[in-house]
Amino acid sequence: MNATPAIADDLIVIGKIYSVHGVRGEVKVYSFTDPTENLLQYKTWTLKREGNVKQVELVSGRGSDKFLVAKLKGLDDREEARLLAGYEICVPRNLFPELTDGEYYWYQLEGLKVIDHLGQLLGKIDHLLETGANDVMVVKPCAGSLDDRERLLPYTEQCVLAVDLAAGEMKVDWDADF
């Protein structure tokens, strides 16, 4: 394992190591990619946890029903693998595939100001949730927002009217029937 990380501002979290698997130093991974196996396409990971940063190389991986199992280069001991639990798995954003117009990665939406169809600031997107039916934006109040309410808004065509990454804004119709 190498201690030289990539530039921190360029890193995007794509998963998290949460446990060990077996006795040969494999780790269980929760993937934030869709489909979950896409995480295994990235062969070099930057691991981050509480200010600690490490670079590791993925040797192999496989999916199971609820998690991925990954074998990392130089990691052959169960107890050593246990020390990696809690580390976030990050890769540089320039490795992500280009998207077509109107498509966005979640990290691009996080932090956007959310403005309703009347021009009122509802807050900023804190994070998104996957619910099965559709993704949900968690909008938290910020300076200048309409009120102090946290809102859960569906990330759907009916709700999202426009996204302007350059302006850092998203326009929504939050009174729509969802």
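Under an unreviewed UniProt entry, the chain has the name Ribosome maturation factor RimM and belongs to Pseudomonas migulae. Database annotation for the chain, UniProt heading Subcellular location (unreviewed entry): "Cytoplasm". Under Sequence similarities (unreviewed entry), UniProt gives the following word-for-word description of the chain: "Belongs to the RimM family."

Draft legend 1. Inspection of the layout of surface pockets at higher detail. For the largest pocket, the calculated volume is near 930 Å³. Every residue lining the largest pocket is counted, 32 residues in all, and those nearest its centre are F32, T33, D34, Y105 and W106. Listed by contribution, the elements that provide at least two residues to the lining of the largest pocket are β1 (11-21), β2 (26-31) and α2 (106-109). In the lining of the largest pocket, the residues fall into 18 nonpolar, six polar and eight charged.

Draft legend 2. Spotlight on the nonpolar core. One finds V27, V29, L39, W45, L47, L72 and I89 to be the most contacted residues of the largest nonpolar core, which totals 23 residues. Looking at this core, the elements with two or more residues in it are β1, β2, β3 (44-49), β4 (52-63), β5 (68-72) and β6 (88-92). Once residues within four sequence positions are removed from consideration, V27 is found in contact with I17, S19, V20, H21, L68, V69, A70, L72, L75 and A81. Membership of the second largest hydrophobic core comes to 14 residues, among which are L122, C159, V163 and M170.

Draft legend 3. Seen up close, the pairing of strand β8 (residues 121-130). Here three bridges tie strand β7 (residues 113-116) to β8, and the two strands are oriented antiparallel to one another. Looking at the pairing, V114 lines up with G123 of β8. Hairpin remark: β7 followed by β8, antiparallel, with four residues in the connecting loop; positive phi at G119, about 90°. The sheet contact formed by β8 and strand β9 (residues 135-140) spans six bridges and is antiparallel. The residue of β9 that forms the bridge with E130 is D135. From the end of β8 to the start of β9, which pair antiparallel, there are four residues, and G132 there has a positive phi angle of about 105°.

Draft legend 4. Structural context of the pattern of salt bridges. For the structure shown, the criterion picks out nine salt bridges. Residue K71 is joined to D76 by a salt bridge in which the shortest nitrogen-to-oxygen separation is 2.8 Å. By relative accessible area, K71 is classed as buried at 16%.

Draft legend 5. Inspection of the sheet that holds β3 at higher detail. Strand order in this closed barrel of six strands is β1-β2-β5-β4-β3-β6, and the pairing throughout is antiparallel. Pairs of neighbouring strands in the sheet enclose a mean axial angle of 50°, with direction left out of account. As defined by bridge partners, β3 adjoins β4 across six bridges and the pair is classed as antiparallel. Bridged to T46 within β4 is Q55.

Draft legend 6. Focus on the pairing of strand β11 (residues 160-164). Relative to strand β12 (residues 169-172), β11 runs antiparallel, the two being bridged by four bridges. Residue pairing in the sheet places A162 in a bridge with K171 of β12. The loop that links β11 with its antiparallel partner β12 comprises four residues; one of these, G168, has a positive phi angle of about 70°.

Parameters and conventions
- Residues numbered from 1 in each chain as written.
- Predicted model: local features only at pLDDT ≥ 70, side-chain atom pairs only at ≥ 80, totals over all residues.
- Heavy atoms only, no water.
- UniProt positions renumbered as here; feature names shortened; annotations may be inferred.
- 1 Å grid on protein atoms, 1.4 Å probe; cavity = no way out; pocket = protein on both sides within 12 Å on 5 of 7 lines; lining within 4 Å.
- Points joined across faces, edges and corners; volume = space filled by probe spheres on them.
- Helix = DSSP H or I, 4+ residues; strand = E, 2+ residues; numbered from the N terminus.
- Nonpolar A, V, L, I, M, F, W, Y, C, P; charged D, E, K, R; others polar.
- Core = buried A, V, L, I, M, F, W, Y, C linked by side-chain atoms within 4.5 Å.
- Buried < 20%, exposed > 50% of the residue type's maximum accessible area, 1.4 Å probe, protein only.
- Contact = heavy atoms within 4.5 Å.
- Pairing = 2+ DSSP bridges.
- Salt bridge = Lys/Arg side-chain N within 4 Å of Asp/Glu carboxyl O.
- Axes fitted to C-alpha atoms, helices over the stretch in contact; angles between N-to-C directions.

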